[in-house]
Amino acid sequence: MTKTWHRPTLWLAVVMAVGALGCAVAMVVDGRLLQDVPLWAKPFKFTLSLAVYSATLSWMLSLPHRGRRWTSGTATVIAGIMLLEVGLIVVQAGRGMFTHYNGSDDPLNRFVQQTFATLIPAMFLANVVLALVLSFQRFGRPDVRWAVRGGLYLAILGMASGYLMVGPRKPVTAVDAGGREVELVGGHSVGVLDGGAGMPITGWSTTGGDLRVPHFVGMHGLQVMILLVLALAAFGVAERVRTRLVAVAALGYAGLFAVLVWQALRGEPLVHPGATTWAALGGLVVVVAAGAGLALRSGTAARPPARQPVPQR
């Protein structure tokens, strides 16, 4: 089956997986910190996340569909941008400098920032093109088709949320791993400074809002939708019911994403939700449960009645 997978994104997944392993080793041997976080934590998270994302794209493009030249070319562009982006992140980490929001006048840093300003919108638009091409044609089973479409649009929402981190805000002076003072012109935390107390592994803020939470959740909506449809098929759920459950799950996931954006923008930590956040989550759970119940009930009602055995005379 791997012969039909999209080769550039498949190879990118391998490179990113190897890169994640290398960054994990670097975190052990390189004790430098950036805002009280291991210097190589950011490239590790990026390489691991993009390994999963690119592998998913590679599998997705193996599904028979029209316009393969368009989708293959677009995915190749995405793979090239991802490789270059992570390469620059690794270079900046090796230099002990901030990767994003860095207002330093260092020539290489200015090149990195300008390149990001070009590459990130290009990758976003390439994902939009990929989603649009797959939105107007049939491919695979209906449940898989809607899982892929819904997942792609969720991923696009997650990417779009990244622009909230570079919105207008007061510049902050920080110190990089080399002891140099740097002016940061953006950030992921709301209500607190970047680099404060954070959750294990993810580093998401435990004292204020963190826009990395909805960014991560949205970006990986594609994997969640695909895993969901594969799990439903493995449990023998009827195809019509699977399709409806996927639609309900996609809408519910979009609702969760919206709640997480709202929570972060209010400066509220993920791990300390307030009463309004709990109320929103509770309402979302009720709506999704009702939708899932209707999907299951309609699937049961659609089954033909079992044939009664004819009595023998």
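Owing to the predicted nature of the structure, the values given are computational and were not obtained by experimental measurement.

Parameters and conventions
Residues numbered from 1 in each chain as written. Predicted model: local features only at pLDDT ≥ 70, side-chain atom pairs only at ≥ 80, totals over all residues. Heavy atoms only, no water. Helix = DSSP H or I, 4+ residues; strand = E, 2+ residues; numbered from the N terminus. Buried < 20%, exposed > 50% of the residue type's maximum accessible area, 1.4 Å probe, protein only. Contact = heavy atoms within 4.5 Å. Areas by Shrake-Rupley, 256 points an atom, 1.4 Å probe, with all protein chains shown as cover. Salt bridge = Lys/Arg side-chain N within 4 Å of Asp/Glu carboxyl O. Phe/Tyr/Trp six-rings, centres within 6.5 Å; stacked < 30°, edge-to-face > 60°. Lys NZ or Arg CZ within 6 Å of the ring centre and 35° of its normal. Expected span 1.5 Å × (residues − 1). Core = buried A, V, L, I, M, F, W, Y, C linked by side-chain atoms within 4.5 Å. Pairing = 2+ DSSP bridges. Polar contact = N/O pair within 3.5 Å; in protein donor to acceptor, adjacent residues only side chain to side chain. Axes fitted to C-alpha atoms, helices over the stretch in contact; angles between N-to-C directions. Parallel < 35°, antiparallel > 145°, perpendicular 65-115°, else oblique. Nonpolar A, V, L, I, M, F, W, Y, C, P; charged D, E, K, R; others polar.

**Description of the overall build of the protein**
Scanning the protein from terminus to terminus reveals 9 helices and 6 strands. Overall, the protein is about 95 × 50 × 35 Å in size when its C-alpha atoms are taken along their principal axes. Looking at the 313 residues of the protein, the share that counts as buried comes to 44%. Put simply, of all contacts in the protein between residues at least 6 apart along the chain, 66% involve residues at least 24 apart. Accessible surface computed for the protein: about 16300 Å², of which carbon and sulfur atoms make up 70%.

**Quick word on the pattern of salt bridges**
The full count for this structure, using the stated rule, is 7 salt bridges. Asp176 is the partner of Arg180 in a salt bridge, and the nearest nitrogen-oxygen pair spans 2.9 Å. Overall, Arg180 belongs to the partly exposed group, its relative accessible area being 38%. By relative accessible area, which is 5% here, Asp176 ends up buried. Residues Arg266 and Glu268 are paired through a salt bridge, measuring 3.7 Å at the closest nitrogen-oxygen approach. Using a relative accessible area of 11% as the deciding quantity, one classes Glu268 as buried. Within this structure, Arg141, Asp143 and Arg242 form a network of salt bridges that share partners.

**So, the packing of aromatic side chains**
Within this structure, the stated rule accounts for 2 aromatic pairs. Above the ring of Trp146, the side-chain terminus of Arg149 is found at 4.8 Å from the ring centroid. The ring of Trp262 has Arg266 lying over it, and the distance from NZ or CZ to the ring centre is 3.8 Å.

**So, helix H3 (residues 68-94)**
Taking 1.5 Å of rise per residue, the 27 residues of H3 would be expected to cover 39 Å, and the 38 Å separating its terminal C-alpha atoms lies within 8% of that figure. Phi turns positive, to about 75°, at Gly96, one or two residues after H3.

**A short note on the nonpolar core**
Ranked by size, the top nonpolar core spans 43 residues in total, and within it Leu57, Met60, Val148 and Leu152 carry the most contacts. When contributions to this core are tallied by element, the ones reaching two or more residues are helix H1 (7-29), helix H2 (41-60), H3, helix H4 (107-135), helix H5 (142-161), helix H6 (212-219), helix H7 (221-234) and helix H8 (239-265). In this structure Leu152 touches Leu57, Met60, Ala131, Leu134 and Leu222, once residues within four positions along its chain are discounted.

**Some details on the pairing of strand S3 (residues 172-175)**
With 4 bridges connecting them, S3 and strand S4 (residues 181-184) associate as antiparallel partners. Residue Thr173 lies in a different strand from S4, and its bridge partner there is Glu183.

**Some remarks on the environment of Gln113**
By the element assignment, Gln113 lies in helix H4. Expressed as a C-alpha distance, the spacing of Gln113 and Asn102, which sit 11 residues apart in the sequence, is 7.3 Å. Once you skip the residues sitting within four places of it in the chain, Gln113 turns out to touch Gln92, Phe98, Thr99, His100, Tyr101 and Asn102. Reaching out from Gln113, the side chain makes a polar contact with the backbone oxygen of Thr99 at a distance of 2.7 Å.

**Brief notes about the packing of H5 against H8**
Where H5 contacts H8, the axes come no closer than 8 Å and their chain directions differ by 10°. As the angle between them shows, H5 and H8 are arranged roughly parallel. Residues Pro142, Asp143, Trp146, Ala147, Leu154, Leu157, Gly158 and Ser161 of H5 lie in contact with H8, whose contacting residues are Glu239, Arg242, Thr243, Val246, Ala250, Tyr253, Ala254 and Phe257. Grouping the constituent residues of the contact of H5 with H8 by class yields 10 nonpolar, 3 polar and 3 charged.

**Details of unusual backbone geometry**
Generally, phi is negative for residues other than glycine and the peptide bonds are trans, each holding for most cases. A positive phi is found at Gln35, a non-glycine position, where the angle reads about 55°. Within the secondary structure, Gln35 sits in the loop between strand S1 (33-34) and strand S2 (37-38). In the Ramachandran plot, Ile201 falls in the positive-phi region, its phi being about 70° despite a non-glycine side chain. Inspection of the secondary structure assignment puts Ile201 in the loop between strand S5 (189-190) and strand S6 (209-210).

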